[in-house]
Amino acid sequence: MDPALLREREAFKRRAMATPTVEKKAKTETTFAPPKDVKKSRPVSAAPKIDASNYKSMTGSSQYRFGVLAKIVKHMRTRHQDGDDHPLTLDEILDETNQLDIGSSVKAWLQAEALRNNPKIEHTPDGRYLFKSVFKIKDGKSLMRLLKQHDLKGLGGVLLDDVQESLPHCDKVLKNRASEIIFITRPNDKKKILFYNDRTANFQVDDDFQKLWRSVTVDAMDDAKIDEYLEKQGIRSMQDHGPKKPLLPKRKKMANKKRQFKKPRDNEHLADVLETYEDNTLTQSNAVQEIKQNN
């Protein structure tokens, strides 16, 4: 190595050692963080465990009560549709529905309030219960009698749902009486309606009349135009049909009476006093004028 370079190196070291230097250390910034609120863990109250063995004895649950009632009503409807129409006591109903383990308070509620006020349960005088159907029909003859009465009185048809609920073995009866019943599906809710098939009203319509009937279109005509056309043709039989517009009662016109302004009635009780006061003031003023004239 070159000795000149070594000498320069040693001289540089000596100058560096002779020059005092102060080392600056990097300050570490400490951020003060407020202590977090330590939430004390509250003791969690353990929820009471529900035992399956004593669940039915919990008489305070209204949901359980109405569940028992719904099961009873469903069973009474089913046995009525199967043809069992003899009444049952409350114990017999609970036995058939497998609910003998209900509490005494629920049983008292059923006997005193729930079954008596239920619209689908009928209470007999001897303390027994029956299913209360919409119609009192038991067989096909009673069904046809009901449909005939509705047809004669103009009451319309009968809902199929009500017949199925009221008539035991409904499907079998409707199958045997299919030729005597007309089924119509209601367009708004798609429910089926039963009507009596009156065969005496059946008649043969001439083909020419059917063609004329189908050729006439009144879709674009309102009731006023139809009435005008019928009146021109001399047909007046349709005047009493159709919806009638209610006549509004005419309002009575009140007669224009002249208003009479009443005189004020104030100080009527002082009428005599005012007259005497006016007389005195007049006499006094006259006397004063006479005195002035004489002077």
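Keep in mind it's a predicted model, so treat the numbers as computed, not measured.

Peer 1: Would you mind going over the overall build of the chain with me for this structure?
Peer 2: When helices and strands are counted, the chain shows 10 helices and 5 strands. Expressed as a percentage of the 295 residues in the chain, the buried residues total 18%. Across the chain, every contact between residues at least 6 apart in sequence was considered, and the portion connecting residues at least 24 apart equals 57%. Surface exposure of the chain reaches about 26400 Å², of which carbon and sulfur atoms provide 53%.

Peer 1: Help me out: how do you make sense of the pairing of strand β5 (residues 192-196) in this one?
Peer 2: Put simply, side chains in a regular strand alternate between the two faces of the sheet. As defined by bridge partners, strand β3 (residues 158-159) adjoins β5 across 2 bridges and the pair is classed as antiparallel. Bridge pairing in β5 links Val 158 to Leu 194. By the bridge criterion, 5 bridges tie strand β4 (residues 181-185) to β5 in an arrangement that is antiparallel. By the bridge assignment, Ile 181 is partnered in β5 with Tyr 196.

Peer 1: For this particular structure, what's the right way to read helix α5 (residues 140-153)?
Peer 2: Quick reminder: α-helices carry 3.6 residues per turn. Residues three or four places apart thus point the same way. Helix length check: α5, at 14 residues, gives a terminal C-alpha distance of 20 Å against a target of 20 Å (1.5 Å per residue), a fit within 8%. Among all positions of α5, only Gly 140, Ser 142, Leu 143, Met 144, Leu 146, Leu 147 and His 150 are buried. Elements that come into contact with the buried residues of α5 comprise β3, α6 (160-166), α7 (170-176), β4 and β5. A positive phi of about 70° marks Gly 154, the residue just after α5.

Peer 1: Please clarify how the sheet that holds β3 should be interpreted in this entry.
Peer 2: Strand-to-strand pairing in sheets goes through backbone hydrogen bonds, with the strands running parallel or antiparallel. In space, the 3 strands of this open sheet follow the order β3-β5-β4, with antiparallel pairing throughout. Two strands in the sheet have a free side with no partner beyond their single neighbour: β3 and β4. On the sheet, α5 packs against β3, β4 and β5 and is oriented at approximately 85° with respect to β5.

Peer 1: For this particular structure, what's the right way to read the nonpolar core?
Peer 2: Generally speaking, nonpolar side chains in soluble globular proteins are found buried as a group. Counting 19 residues, the largest nonpolar core has Leu 69, Ile 72, Met 76, Ile 102, Leu 110, Leu 115 and Tyr 129 as its most contacted members. Listing elements by their share of this core, those giving two or more residues are α2 (62-81), α3 (90-96), α4 (104-117) and β2 (129-131). In terms of residue count, α2 provides more of this core than any other element does, 6 residues in total. If we ignore the near neighbours within four places in the chain, the residues touching Leu 115 are Leu 69, Ile 72, Leu 90, Leu 110, Ile 121 and Tyr 129. If you look at the next biggest cluster of nonpolar residues, it comprises 15 residues, including Leu 143, Met 144, Leu 147 and Leu 167.

Peer 1: Looking at this structure, how should I read the confidence of the model for the chain?
Peer 2: Close inspection of predicted coordinates is inappropriate for parts of the model with low pLDDT. Per-residue confidence for the chain averages 77 on the pLDDT scale, and 66% of its residues sit at or above 70. Confidence drops under pLDDT 50 across residues 43-60; counting only partners more than four residues distant or on other chains, this segment forms 12 contacts.

Peer 1: Looking at this model, I keep getting lost on the packing of α2 against α4. Mind explaining?
Peer 2: Each packed pair of helices is defined by two parameters, the angle between the axes and the distance between the axes. Look at α2 against α4: their axes get within 11 Å of each other, and the N-to-C directions meet at 60°. Relative to α4, α2 is oriented oblique. When you trace α2 past α4, the crossing you get is right-handed. Contacts from Tyr 64, Arg 65, Phe 66, Val 68, Leu 69 and Ile 72 of α2 reach α4 at Ser 105, Val 106, Trp 109, Leu 110, Ala 114 and Leu 115. Looking at the contact of α2 with α4 residue by residue, the class counts come to 10 nonpolar, 1 polar and 1 charged.

Peer 1: Would you explain the packing of aromatic side chains in this entry?
Peer 2: For any two aromatic rings, the description comes down to two numbers: the centre-to-centre distance and the angle of the planes. Summed over the entire model, instances satisfying the criterion amount to 2 aromatic pairs. Plain terms: the ring middles of Phe 66 and Trp 109 are 5.4 Å apart, the flat faces sit at 80° to each other, and that makes the pair edge-to-face. Pair noted here: Phe 66 is in helix α2 and Trp 109 is in helix α4, with a separation of 43 residues, a long-range link. Exposure remark for Trp 109: the relative accessible area of 13% places this residue in the buried category.

Calculation rules
- Residues numbered from 1 in each chain as written.
- Predicted model: local features only at pLDDT ≥ 70, side-chain atom pairs only at ≥ 80, totals over all residues.
- Heavy atoms only, no water.
- Helix = DSSP H or I, 4+ residues; strand = E, 2+ residues; numbered from the N terminus.
- Buried < 20%, exposed > 50% of the residue type's maximum accessible area, 1.4 Å probe, protein only.
- Contact = heavy atoms within 4.5 Å.
- Areas by Shrake-Rupley, 256 points an atom, 1.4 Å probe, with all protein chains shown as cover.
- Pairing = 2+ DSSP bridges.
- Expected span 1.5 Å × (residues − 1).
- Axes fitted to C-alpha atoms, helices over the stretch in contact; angles between N-to-C directions.
- Core = buried A, V, L, I, M, F, W, Y, C linked by side-chain atoms within 4.5 Å.
- pLDDT = per-residue confidence, 0-100.
- Parallel < 35°, antiparallel > 145°, perpendicular 65-115°, else oblique.
- Left-handed = near helix turned anticlockwise from the far one by under 90°.
- Nonpolar A, V, L, I, M, F, W, Y, C, P; charged D, E, K, R; others polar.
- Phe/Tyr/Trp six-rings, centres within 6.5 Å; stacked < 30°, edge-to-face > 60°.

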